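Structural overview for review
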There are 2 protein chains.
Amino acid sequence: MSHIDPSGAAPAPIDVPEAARWLAGRVLRTPVLRAPAIDRLAGARVLLKAENLQAGGSYKMRGGLFAVSRLAAAGHAGVVAQSTGNHAVAVALAARRFELAATVVLPVDAAPTKVARARAAGARVVLAGTTVEERLAVAGRVSDETGHPIVDAYDHPDVIAGQGSASLELIEEAERAGTPLDALVLPVGGGGGAAGACLAATGRPIEVYGVEPRGCDSLARSLAAGRPVPVTPAPTIADGLRPSCVGELPFAVLRTRLRGVVRVDDDEIVEAFRLLLLELKVLTEPSGAAGLAGALRLAADGALSVAERLPAAAAGGQRRRTVGVVLTGGNVEAQLVARLAATARLEEEVAVA
Amino acid sequence: MSHIDPSGAAPAPIDVPEAARWLAGRVLRTPVLRAPAIDRLAGARVLLKAENLQAGGSYKMRGGLFAVSRLAAAGHAGVVAQSTGNHAVAVALAARRFELAATVVLPVDAAPTKVARARAAGARVVLAGTTVEERLAVAGRVSDETGHPIVDAYDHPDVIAGQGSASLELIEEAERAGTPLDALVLPVGGGGGAAGACLAATGRPIEVYGVEPRGCDSLARSLAAGRPVPVTPAPTIADGLRPSCVGELPFAVLRTRLRGVVRVDDDEIVEAFRLLLLELKVLTEPSGAAGLAGALRLAADGALSVAERLPAAAAGGQRRRTVGVVLTGGNVEAQLVARLAATARLEEEVAVA
């Protein structure tokens, strides 16, 4: 996969294995976790890659670190980034590690914990508007003034390659365990993580699915139209999944390689959040739980079943379907955790399981 | 370390390395996690062994599985256990794995999630009183009636060895990473986990500390008296740490090998719970967070500092102290999570860090 630079320069390759090799030992190799209750609900073996435990609290650290390292090596003295939060935090932390200046642009309604983390990493934080267009305009001005390049949150080959390394680790760990993935499910904001997952799965019979909040479905509409289609994002609890448009570079990958997109509503995201918290014992942000919400929706729709493809005896036997899900982030406000944990329905379900 | 059986039979060895070898591949090798905010608060490198992610939701799975496997191999058709919850869940799950009948006795005020998990594992659950004495009486009657042996929650060599395997994994992983432990901190209920930790640390210069909730300090009083001293447990949020007396077998280990006991109050446990949830992104039960509460108390008291032992240059340089903490369990009610997460103090602290 190559990226055609509009300037006419040579195409920049998206090399997930190279990013994975470089990142090994530089980011946390996050664990792959399972919970019996989640397997039961999905009717499948569900392998959960806990990138919410990653340095910086999200898998964005991978792409941010890989991209910033190359800019540092190229002699840049600083970087600029915009995002709803996690990419900004990642770039801020990466810049500190390479002793570069960092300016990050977040929306005025960003999660306070994400703003605090970017500041704690030493970045200059600029709050601008509520849409990606407003942030991009500010980031562009800062880049022009400082001469520091923009590290795009998803329209950047090194960022996509870095994010893809999380999927590659999950794919390889599942293979080593003797339970190779049949499907791999990731939440979609700008599409960088899902594109990285598709590239990580290259050459393997893995169906990669993206998950979008209902009303924030630029990717689903773009796939239908055959070109990137912006949306006016609907309100969603998944603050990291509301860009107005899938990235061009991710779309170029996803349009041919993605198996499909699942839309989920906030109730499904909250249920996934609570399963992960109370059954898996890990804290995700709503965007980070959306992958599991999508996997459970796929399971409910029969998309993860192998019953129709195999003889009944085989389907009921050892050929149990294995689904990988990347839990992309865990930066969430205490107040929101308190609110989401407050319903007691889940425990009643476990009690009768 | 040997256990003198009151029946006069041969002493039963407590072999932590053997338990660790047997358990490898049979329980989850839980990750060792870190969070910069926790390191800063402790003024040390804090390695957190996430046994809250263990099968069954606590490190009790290790001792339960190891002990039950030996009883199954010896031909027993069933087992009996009593505990405030996690050991009962572990024995229930272990019995199911070996196809043994299980009866588990929990207090009438047990955490509903623990009761539900024991039932879901197929055990017969008996609720009896609120004290360990009441549960032991019922467990003894069931054992007499059924002929099934009791798997004690801590006064049992295989249980202690199994629990110790979590500490041994942490010790060895810290060594492999080039940051061997200087100290190791565990919460204390009956003392089995702390005794296992002391045995796991045998031959290494690691100071092992136990942590008791204030007013549930049987071990501290027992160490002072030189013999097991029961207490009337004070109310505590750490429901797993309120046995009325440290076990005889753990005490025999701890009296000579434990460096000390730290008492913590509920506020300190809640603060540790919130740090683990919001910074490390993992859910612990209050008892499971008590180890970190104790480590932070030790740090505040200067017990983890090396400044007084080394020249200033060395102390300020690379010789940073490394402290291991076992996060022993994560089985907690959603309502309690909601209540504990509700205060917003922590994020303000992070913002100014």
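Residues numbered from 1 in each chain as written. Chains lettered and ligands numbered in written order. Predicted model: local features only at pLDDT ≥ 70, side-chain atom pairs only at ≥ 80, totals over all residues. Heavy atoms only, no water.

**Some words on the relation of the copies chain A and chain B**
The two copies are related by a screw motion: chain A maps onto chain B through a turn of 180 degrees and a shift of 0.0 Å along the axis, at an RMSD of 0.0 Å. In symmetry terms, the pair is related by a two-fold rotation axis. Same-surface contact between copies: 100% of interface residues of chain A are shared with the interface of chain B. (Least-squares fit on C-alpha atoms with pLDDT ≥ 70 in both. Contact = heavy atoms within 4.5 Å.)

**Some remarks on the sheet that holds strand β5 (residues 78-82) of chain B**
Residue and element names in this part refer to chain B. Strand order in the open sheet formed by 3 strands is β5-β6-β7, and the pairing between neighbours is parallel. Each end of this open sheet is capped by a strand with a single partner; those strands are β5 and β7 (124-127). For this sheet, the mean angle separating the axes of adjacent strands, direction not counted, is 15 degrees. Strand direction decides the pairing type here: β5 and strand β6 (residues 101-106), joined by 5 bridges, are parallel. Bridge pairing in β6 places Gly-78 opposite Ala-101. Those strands touched by helix α6 (residues 132-146) are β5, β6 and β7, and its axis lies near 170 degrees from that of β5. (Pairing = 2+ DSSP bridges. Helix = DSSP H or I, 4+ residues; strand = E, 2+ residues; numbered from the N terminus. Axes fitted to C-alpha atoms, helices over the stretch in contact; angles between N-to-C directions.)

**With respect to the pairing of strand β11 (residues 322-327) of chain B**
All names here are of chain B. Most of β11 is tucked away, with 6 of its 6 residues classed as buried. Burial along β11 is two-sided: Thr-322, Gly-324 and Val-326 facing one way and Val-323, Val-325 and Leu-327 facing the other are all buried. Sheet analysis places strand β4 (residues 45-50) next to β11, joined by 6 bridges and oriented parallel. Bridged to Arg-45 within β11 is Thr-322. Here strand β8 (residues 183-187) runs beside β11; their pairing, made up of 3 bridges, is parallel. Each residue of the ladder has a partner; that of Leu-184, found in β11, is Gly-324. (Buried < 20%, exposed > 50% of the residue type's maximum accessible area, 1.4 Å probe, protein only.)

**Quick word on unusual backbone geometry**
All names here are of chain B. Of note in the backbone geometry, Glu-99 takes a positive phi value of approximately 60 degrees without being a glycine. If you trace the backbone, Glu-99 turns up in the loop between α4 (86-97) and β6. Looking at Glu-99, the relative accessible area reads 72%, which means it is exposed. The backbone of Lys-281 shows a phi angle near 70 degrees, a positive value even though the residue is not glycine. With respect to the secondary-structure elements, Lys-281 resides in the loop between α11 (266-280) and α12 (286-300).

**Describing the packing of aromatic side chains**
All names here are of chain A. Following the criterion strictly, the structure yields 4 aromatic pairs over all chains and no others. Ring centres of Trp-22 and Phe-66 lie 5.8 Å apart, and the angle between their planes is 50 degrees; on these two criteria the pair is classed as tilted. Of the two residues, Trp-22 sits in helix α1 (residues 16-23) while Phe-66 sits in helix α3 (residues 60-73), which places them 44 residues apart along the sequence. (Phe/Tyr/Trp six-rings, centres within 6.5 Å; stacked < 30°, edge-to-face > 60°.)

**Here's the deal with the pairing of strand β9 (residues 207-213) of chain A**
Residue and element names in this part refer to chain A. Most of β9 sits inside the fold, with 7 of its 7 residues counted as buried. Side-chain alternation along β9 places Glu-207, Tyr-209, Val-211 and Pro-213 on one buried face and Val-208, Gly-210 and Glu-212 on a second face that is also buried. The β-α-β motif built from strand β8 (residues 183-187), the intervening helix α8 (residues 192-200) and the parallel element β9 has right-handed crossover chirality. By the bridge criterion, 5 bridges tie β9 to strand β10 (residues 260-264) in an arrangement that is parallel. Bridge pairing links Gly-210 to Val-261 in β10. (Right-handed = clockwise from strand over helix to strand, strands pointing away.)

**Some words on the pattern of salt bridges**
As enumerated under the stated definition, the model contains 36 salt bridges over all chains in all. Here Arg-34 of chain A and Asp-39 of chain A are joined by a salt bridge, their closest N and O atoms 2.4 Å apart. The class of Arg-34 of chain A is partly exposed, set by a relative accessible area of 41%. Where Arg-62 of chain B meets Glu-169 of chain B, a salt bridge forms, and the shortest distance between an N and an O atom there is 3.0 Å. Within this pair, whereas Arg-62 of chain B is found in helix α3 (residues 60-73), its partner Glu-169 of chain B is found in helix α7 (residues 157-176), the two being separated by 107 residues in sequence. Each of Lys-49, Glu-51, Arg-62 and Glu-169 of chain A takes part in a single network of salt bridges with overlapping partners. (Salt bridge = Lys/Arg side-chain N within 4 Å of Asp/Glu carboxyl O.)

Distances and angles like these do not, on their own, reveal function.
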